[in-house]
Amino acid sequence: MTRVAVVGAGVFGAATARELHRRGHEVTLHEQYTPGTVRSGSGGDTRLVRTAHGENEWYARLSRRAVELWRELERETSTDLLAFTGVAWLDTVGSTFAEASMATLDRIGVPYERLTVDEAARLFPALGGDDLTGVLFEPEAGLIRARRATRALASAVPLEIGNVTPQAPPKADVVVWACGAWLPKAFPELVAIEVVRRDVYFFGVDGAWARTPGFCEYDGPFYGHGELGGLGMKVAWDGGSVAFDPDGERLPEEETLARVRAYVARRFPTLADAPLIGSRVCQYELTGDGHFLVDRHPDRDGWWLLGGASGHGFKHGPALAEYVADCIEGVRDPEPFHRLGPRVGSAGLRTAGR
Ligand SMILES: Cc1cc2nc3c(=O)[nH]c(=O)nc-3n(C[C@H](O)[C@H](O)[C@H](O)COP(=O)(O)OP(=O)(O)OC[C@H]3O[C@@H](n4cnc5c(N)ncnc54)[C@H](O)[C@@H]3O)c2cc1C
């Protein structure tokens, strides 16, 4: 048995702490605020769960495994986490994401439907599809109640509240630094992660929009989902690269709201005048290519760096934790694409193509 400290109770840290605890290690989870704080990437109400990752099979398989583990967590904690409404990928001219994803889904045996725009109209009470070329629908996909899931993971291990720094590290044989958007603050010389703001909006809609599919417009880029549990319909623009301080104030931006409203009016015309009923300002912690960061600290024995979830990490939480725990136990090595060092080009793993 090894003494392990995991710093950061977002989905990456909490899932890793729980997995190592299940394997018999003596684990303490450290969190500066509270697990699932809305300041963390994992603190959103919902996150999309999907298998389609373009041509990338590694993450497609990881997300399938994660769904099994999320289901297990639901049973163990009697918590309702997943809402499988399906996810619709809305294609515009020139988009290649759906084609690449279908080839991967075929290879790994995951069901999907390829719909014409007319056929896809059945998925939503109203769909403005003049500029759409087709829809890839994943029925075995949907949403996860993210904050609730993060808290459920964290509840499995002893928790210490407080800010932990590399200058005054916890006493343990292994320290996993899973600090999300705070990782580059903790290791400025080592971790090249860009922290950028993301505004998310919720619109008041009627019951016809309850449990409509999650949607992603890879080349929009926009994404969102229908009414879930009274939150309203979520819509977000997935572009922009404005730097963001995760400890700062979180006021939504008028310009982004206007952009999202224009999108809603075009794509879901009956919602053109839907009232805004909520908003959140969150942040992505982007690596150069969208692959996560999983690696040993180059100078400190037993230290691991875990992060760079790059706007698509939530769904993978417990499956990623199995892999990270294997790496820590020396059963396998981190994949080359998760290592520290320069990252070149986009791996196309996010819901946004540009
Ligand atoms: C708007 C938005 C939409 C997204 N949509 C999706 C989606 O649809 N599907 C999907 O799969 N993913 C999505 N993501 C990505 C996903 O939610 C995040 O990438 C993921 O939750 C990040 O998890 P994390 O554990 O790495 O970091 P975080 O959740 O940020 O957790 C890090 C934790 O570490 C704590 N911490 C940091 N430093 C210290 C310290 N020194 N001492 C103690 N504690 C510390 C922080 O307080 C925080 O709680 C989205 C993200 C955002 C922002």
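Residues numbered from 1 in each chain as written. Predicted model: local features only at pLDDT ≥ 70, side-chain atom pairs only at ≥ 80, totals over all residues.

Undergrad: Explanation requested: the packing of helix α1 (residues 11–22) against helix α8 (residues 317–328) in the structure shown.
TA: In helix packing, the relevant descriptors are the interaxial angle and the interaxial distance, both defined with respect to the helix axes. Here α1 crosses α8 at 60 degrees, and the two axes come no closer than 8 Å. On the basis of their axis angle, the class for α1 and α8 is oblique. Once α1 is placed against α8, the crossing between them reads as right-handed. Only G317, P318, L320, A321, E322, V324, A325 and I328 of α8 make contact with α1, whose side of the interface consists of V11, F12, A15, T16, R18, E19 and L20. (Axes fitted to C-alpha atoms, helices over the stretch in contact; angles between N-to-C directions. Helix = DSSP H or I, 4+ residues; strand = E, 2+ residues; numbered from the N terminus. Parallel < 35°, antiparallel > 145°, perpendicular 65-115°, else oblique. Left-handed = near helix turned anticlockwise from the far one by under 90°. Contact = placed C-beta atoms within 7 Å.)

Undergrad: For this particular structure, what's the right way to read the environment of G13?
TA: Position of G13 among the secondary structure elements: in helix α1. As for G13 and A321, which are separated by 308 residues in sequence, their C-alpha atoms are 8.3 Å apart.

Undergrad: Quick question: what am I supposed to make of the environment of G224 here?
TA: Within the element layout of this structure, G224 appears in strand β13 (residues 222–225). What makes G224 buried here is the crowd of 26 C-beta atoms within 10 Å. On a C-alpha basis, the gap between G224 and L48 in space is 8.1 Å, while along the polypeptide they are 176 residues apart. In contact with G224, other than residues within four places in its own chain, are F215, M233, K234, V235 and A236. (Buried ≥ 20, exposed ≤ 12 C-beta atoms within 10 Å, placed from the backbone.)

Undergrad: So what exactly am I meant to see when it comes to the sheet that holds strand β8 (residues 142–145) here?
TA: Backbone-to-backbone hydrogen bonds pair the strands of a sheet. The strands run either parallel or antiparallel. The antiparallel open sheet is built from 3 strands, whose spatial order is β3-β8-β4. Strand pairing shows two members of the sheet lacking a second neighbour, β3 (46–49) and β4 (82–83), which therefore form its edges. Judged from the 2 bridges that link them, β4 and β8 form a sheet pairing that is antiparallel. Within β8, the position partnered with L82 by the bridge is I144. Contacts from helix α5 (residues 146–154) reach β3 and β8, with the element oriented near 50 degrees to β8. (Pairing = 2+ DSSP bridges.)

Undergrad: Just to check I follow, could you spell out the packing of helix α2 (residues 57–77) against α8 for this structure?
TA: Close contact between α2 and α8 brings their axes to 6 Å; oriented N to C, the two are set at 105 degrees. Taken together, α2 and α8 sit at an angle that is classed as roughly perpendicular. Between α2 and α8, the residues in contact are L62, R65, A66, L69, W70 and L73 and G317, P318, A319 and L320, respectively.

Undergrad: Sorry, what's going on with the site of the ligand here?
TA: Every one of the 39 residues lining the ligand counts as a neighbour, but G8, G10, S42, G180 and A309 are closest to it. Where the shell around the ligand is concerned, the elements lending two or more residues are α1, β2 (26–31), β3, β11 (194–203) and β15 (276–286). Classifying every residue of the shell around the ligand gives 17 nonpolar, 18 polar and 4 charged. (Near = placed C-beta within 6 Å. Nonpolar A, V, L, I, M, F, W, Y, C, P; charged D, E, K, R; others polar.)

Undergrad: It is not clear to me how the sheet that holds strand β12 (residues 214–217) should be interpreted in this structure. Could you clarify?
TA: Here 8 strands make up an open sheet; going across it, the order is β6-β7-β5-β12-β13-β14-β11-β15 and the pairing mixed. The outermost strands of the open sheet, each flanked by one partner alone, are β6 (113–115) and β15. Each neighbouring strand pair of the sheet contributes to a mean axis angle of 20 degrees, computed without reference to strand direction. Pairing between strand β5 (residues 87–92) and β12: 3 bridges, direction parallel. For A88, the partnering residue across the bridge sits in β12 and is F215. Against the sheet, helix α3 (residues 97–108) engages β5, β6 and β7 (132–138), with an angle of about 30 degrees to β7. Contacting β11, β13 and β14 (233–237), helix α7 (residues 254–267) runs over the sheet at an angle of about 120 degrees to β14.

Undergrad: Teacher, can you tell me more about the environment of Y223 here?
TA: As for its placement among the helices and strands, Y223 is situated in strand β13. With 126 residues separating them along the chain, Y223 and F97 place their C-alpha atoms 14 Å apart. Apart from residues no more than four positions distant in its own chain, Y223 is found in contact with L48, F215, C216, E217, A236, D238 and T351.

Undergrad: I'm lost on the pairing of β11 in this one. Help?
TA: Regular strands place side chains that alternate from one sheet face to the opposite one. Burial analysis of β11 places 8 of its 10 residues in the buried class, the great majority of the element. Here β11 runs beside β15; their pairing, made up of 10 bridges, is antiparallel. From the neighbouring strand, Y201 faces β15, where its bridge partner is S279. In terms of strand pairing, β11 meets β14 through 4 bridges, oriented antiparallel. Paired with V200 across the two strands is A236, which belongs to β14.

Undergrad: Even after reading the chapter, I still don't get α8, so can you show me in this structure?
TA: Along an α-helix, residues three or four apart share an orientation, since each turn contains 3.6 residues. End to end, α8 covers 16 Å across 12 residues, agreeing with the expected 16 Å (1.5 Å per residue, within 8%). Of all 12 residues in α8, 9 are buried; the element is thus mostly enclosed. Regarding α8, the residues found buried are G317, P318, A319, L320, A321, Y323, V324, A325 and I328. Residues of α8 that are buried make contact with α1, α2, α5, β10 (174–177), β16 (293–296) and β17 (303–307). Positioned one or two residues after α8, G330 has a phi angle of 80 degrees, which is positive. (Expected span 1.5 Å × (residues − 1).)

That is the geometry; function is a separate question.
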